[in-house]
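Descriptive structure summary
One letter stands for each residue in the lines below.
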Amino acid sequence: MKKYVCCAAIMVIMFGCSREQKEDYADSANNEKVMEVELSADTSSSLADKIIKTADMRFRVKDVQDIKQKLSSVIKSQGGTVAEFSINSYIHETTKVRFSIDSLKEITSYKKEGLLVAKIPSEKLDQFTNDVAKMAVFVDNQAMKMDDQSIAYLSNKLKAQNRSEAINTINQTAKRKGNNVETSLYIKDDFVDKKIENMNIDQRVKYSTITLNFYQDNTVKTLIVGNDNLSDYKPGFFKRLGLNMMDGWKYFKELILALSHLWMFVVMGFVLFFGIRYYLRSRKI
């Protein structure tokens, strides 16, 4: 009798376990279906066009400085901003010719180039490039690139939603407070990163970046500068001749004064000279 009771209990337990497993599998399948439906709904509703436009132009102009001012005005009128600009001059050749006694004419050949990076509303980018082309004397190069970030944007959005739900789950089910805080903080930081990435994509989609390189032909510039050749400031010939004669007399006097310190050697020289001469003559006699 006991055997039958044990067998019946085992059968009931196995039936109950299998039923629970089936319910778990059913719940899991239902959850997966719900997630698929939600994901499909989010995808269809959130997969908007997130296209980032970038453009580059290189062109020749008559005056770099003037074009820079015109470009700034056009960018401002179209609701854009100047992110970066620079103007550089590169000297090709320079020379100096005599203009007067104390001045020279400096002649310089140089090339001026400008760089301007602007943020333009994406819907006005085509019109802006057309306006820039009208300012140019000659367009060397013009290019535009379109980068579709729709999938990346949707991925960041769904991941952010998952992290928000994970934070709520961790706060409700975590047993150890320390691990709860640490894990929650990590997920929150990742959640913020995804949000920031999407904000950056939105900003780049709204405002397109265009890089403008413009230059002008070689320009010749003349300028009167001071004469830095010191030899040109020397006095005339006769003036220098008189000064040199005066310097010669001064050097002669200095020589006499220097020799006056050696008078004893002069006297000793004369004494030796006449003494040797007298000695040689006395031997001949």
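A short tour of the structure in this document, coming up. Remember, predicted model here, so these are calculated numbers, not experimental data.

On to the packing of aromatic side chains. Counted under the stated rule, the structure contains 4 aromatic pairs. Measuring from centroid to centroid gives 5.7 Å for Phe 59 and Phe 214, while their planes differ by 20 degrees, and the two rings are stacked. Of the two residues, Phe 59 is situated in strand S1 (residues 51–60) and Phe 214 in strand S5 (residues 207–215); the sequence distance between them amounts to 155 residues. Judged by its relative accessible area of 0%, Phe 59 falls in the buried class. Take Phe 214: its relative accessible area is 1%, and that puts it in the buried class. Ring centres of Phe 273 and Phe 274 lie 5.3 Å apart, and the angle between their planes is 75 degrees; on these two criteria the pair is classed as edge-to-face. For Phe 274, a relative accessible area of 46% corresponds to the partly exposed category. Clustering of aromatic rings is evident, with ring pairs tying together Phe 270, Phe 273 and Phe 274. Positioned over the ring face of Phe 85 is Lys 68, at 4.1 Å from the centre of the ring.

This next bit is on a nonpolar patch on the surface. Together, Trp 249, Phe 252, Leu 255, Ile 256, Leu 259, Leu 262, Trp 263, Met 264, Phe 265, Val 267, Met 268 and Val 271 make up a nonpolar patch on the protein surface, roughly 1,200 Å² of accessible area in all. Counting residues per element, the ones that place at least two in the nonpolar patch are helix H6 (237–260) and helix H7 (263–284). Sorting elements by how many residues they give to the nonpolar patch places H7 first, with 6 residues. What makes Met 268 partly exposed here is its relative accessible area of 42%.

What follows concerns the environment of Leu 223. One can find Leu 223 in strand S6 (residues 219–226). In this structure, the C-alpha to C-alpha distance between Leu 223 and Leu 104, residues 119 residues apart in sequence, is 8.3 Å.

A separate point is the side chain of Lys 68. With respect to the secondary-structure elements, Lys 68 resides in helix H2 (residues 64–77). Buried charged residue Lys 68 carries no salt bridge. Nearest counter-charge: Asp 66, at 11 Å. If sequence neighbours within four positions are ignored, Lys 68 has contacts with Phe 85, Ile 87 and Phe 214.

Reading guide: rules and limits
Residues numbered from 1 in each chain as written. Predicted model: local features only at pLDDT ≥ 70, side-chain atom pairs only at ≥ 80, totals over all residues. Heavy atoms only, no water. Phe/Tyr/Trp six-rings, centres within 6.5 Å; stacked < 30°, edge-to-face > 60°. Helix = DSSP H or I, 4+ residues; strand = E, 2+ residues; numbered from the N terminus. Buried < 20%, exposed > 50% of the residue type's maximum accessible area, 1.4 Å probe, protein only. Lys NZ or Arg CZ within 6 Å of the ring centre and 35° of its normal. Patch = residues over 30% accessible without salt bridge, like charges linked within 9 Å, V, L, I, M, F, W, Y side chains within 5 Å. Areas by Shrake-Rupley, 256 points an atom, 1.4 Å probe, with all protein chains shown as cover. Salt bridge = Lys/Arg side-chain N within 4 Å of Asp/Glu carboxyl O. Lys, Arg positive; Asp, Glu negative; His and termini not counted. Contact = heavy atoms within 4.5 Å.

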